[in-house]
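# Results of the structural survey
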Amino acid sequence: RGKEGVMSLAQGIVHWSPPSCVAEAVARAASEPDTHLYGADDGMATLRQALAEKLRTENGLIDVDVMVTAGANQAYANIVMALLDSDDEAVLFAPYYFNHQMAIQMTGGGDRIVLGPCDQDSFPDAAWLEERLAQRTSERRIKMVTVVNPCNPTGVMMPKAHLERISAACKKHSAWLVADNTYEHFSYEIEGHPAHTCVGGDHVVNIFSFSKA
């Protein structure tokens, strides 16, 4: 603050209040009996239906199961606990989102994290992944691969073909692909960058977030 020629790369924190209509809706909800009851573990049915429609029309994901969590970080932690045992290997591509590493560490798999490289375009190295997945043995098995698209922290958006190649490699070797789409709206096609795309399948778990919408 007060300096010239300096760009802050600090965390962006919202400093304005929500719209008045949101505050009014929250106040109305506080007086509704259902607000004070236990809800469905996977989220309100009406909300999940609305999100499924959003995924269909905006992301091309059809007939998918939707679960609502208290933030994308909780979603990832749930995924780790559901899919990984402590002796399963999980791939993160460096540079990676630090909370993904912490979620795996907290559940006992920190020493089984496999750090993959990015290629010259700063995309997750698909060739490396294909080779590494093929090295599966009875004692070493990659159970889950995580990608963030666009990437946090680099901001790089993967082209559709690259994402599909990674997905195909995971499917071939029976590994889960977790695609974190938190920054899906941070796309800059007008400047020549790829549009955001998603992949689906029985081996894919997609994460989305309201916080960056």
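Going by the structure above, here's the rest.
Residues numbered from 1 in each chain as written. Predicted model: local features only at pLDDT ≥ 70, side-chain atom pairs only at ≥ 80, totals over all residues. Heavy atoms only, no water.

This part is about the overall build of the protein. Broken down by element type, the protein carries six helices and five strands. Each helix and strand of the protein, placed in order from N terminus to C terminus, yields the pattern α-α-α-β-α-β-α-β-α-β-β. Principal axes of the C-alpha set define a box for the protein whose edges measure 55 × 50 × 35 Å. Residue burial in the protein is summarised as follows: out of 213 residues, 33% are buried. (Helix = DSSP H or I, 4+ residues; strand = E, 2+ residues; numbered from the N terminus. Buried < 20%, exposed > 50% of the residue type's maximum accessible area, 1.4 Å probe, protein only.)

Let us now look at the packing of aromatic side chains. In total, this model carries three aromatic pairs according to the counting rule given. Aromatic side chains Phe-93 and Trp-128 sit 5.9 Å apart centroid to centroid with 75° between the ring planes, which places their arrangement in the edge-to-face category. In this pair, Phe-93 sits in strand β1 (residues 89–93) while Trp-128 sits in helix α5 (residues 126–133), placing the two residues 35 residues apart along the sequence. Classification of Phe-93 by relative accessible area gives buried; the value is 6%. (Phe/Tyr/Trp six-rings, centres within 6.5 Å; stacked < 30°, edge-to-face > 60°.)

Once that is clear, we can look at the sheet that holds strand β5 (residues 204–207). A sheet is described by the order of its strands in space; here five strands give the open sequence β2-β1-β3-β4-β5, paired in parallel fashion. With partners counted over all chains shown, the strands left at the sheet margins are β2 (113–116) and β5, one partner each. Each strand axis lies, on average, 20° off the axis of its neighbour in the sheet, ignoring direction. In the sheet, strand β3 (residues 142–148) pairs with strand β4 (residues 176–180) via five bridges, with the strands oriented parallel. When the sheet's bridge partners are listed, Val-148 is paired in β4 with Asp-180. The sheet strands contacting helix α3 (residues 72–83) are β1, β3, β4 and β5, and the helix crosses β3 at an angle near 165°. (Pairing = 2+ DSSP bridges. Axes fitted to C-alpha atoms, helices over the stretch in contact; angles between N-to-C directions. Contact = heavy atoms within 4.5 Å.)

With that settled, the discussion passes to helix α4 (residues 98–106). Of the residues making up α4, those classed as buried are Asn-99, His-100, Ala-103 and Ile-104. Considered in projection along α4, the buried side chains sweep an arc of 140° and stay on one side of the axis. Buried-residue contacts for α4 involve α3, β1, β2, β3 and β4. (Arc of directions from axis to C-beta.)

Of note, Asn-149 is situated in the loop between β3 and α6 (160–172). Those residues in contact with Asn-149 that sit more than four places away from it in its chain are Val-156, Met-157, Met-158, Leu-163, Asp-180, Asn-181, His-196 and Thr-197.

A few words now on the pairing of β1. Regular strands have side chains that alternate between both faces of the sheet. A large share of β1 lies buried, amounting to five of its five residues. Where burial is concerned, the two faces of β1 agree: the one with Glu-89, Val-91 and Phe-93 and the one with Ala-90 and Leu-92 are both buried. Bridging between β1 and β3 involves four bridges; their strand directions are parallel. Residue Ala-90 lies in a different strand from β3, and its bridge partner there is Met-144. The pairing of β1 with β2 spans four bridges and is classified as parallel. In the strand pairing of β2, Ala-90 is matched with Ile-113. After leaving β1, the chain enters α4 and then returns to the sheet as β2, a path that is right-handed. (Right-handed = clockwise from strand over helix to strand, strands pointing away.)

When you line up the elements, Lys-212 lands in the segment after β5. Relative accessible area serves as the criterion here: at 30%, Lys-212 is assigned to the partly exposed category. As for Lys-212 and Thr-182, which are separated by 30 residues in sequence, their C-alpha atoms are 6.4 Å apart. Beyond its immediate sequence surroundings of up to four residues, Lys-212 is in contact with Thr-182, Tyr-183, His-185 and Phe-186. Within the local environment of Lys-212, its side chain forms a polar contact with the side chain of Ser-211, the two groups lying 3.2 Å apart. (Polar contact = N/O pair within 3.5 Å; in protein donor to acceptor, adjacent residues only side chain to side chain.)

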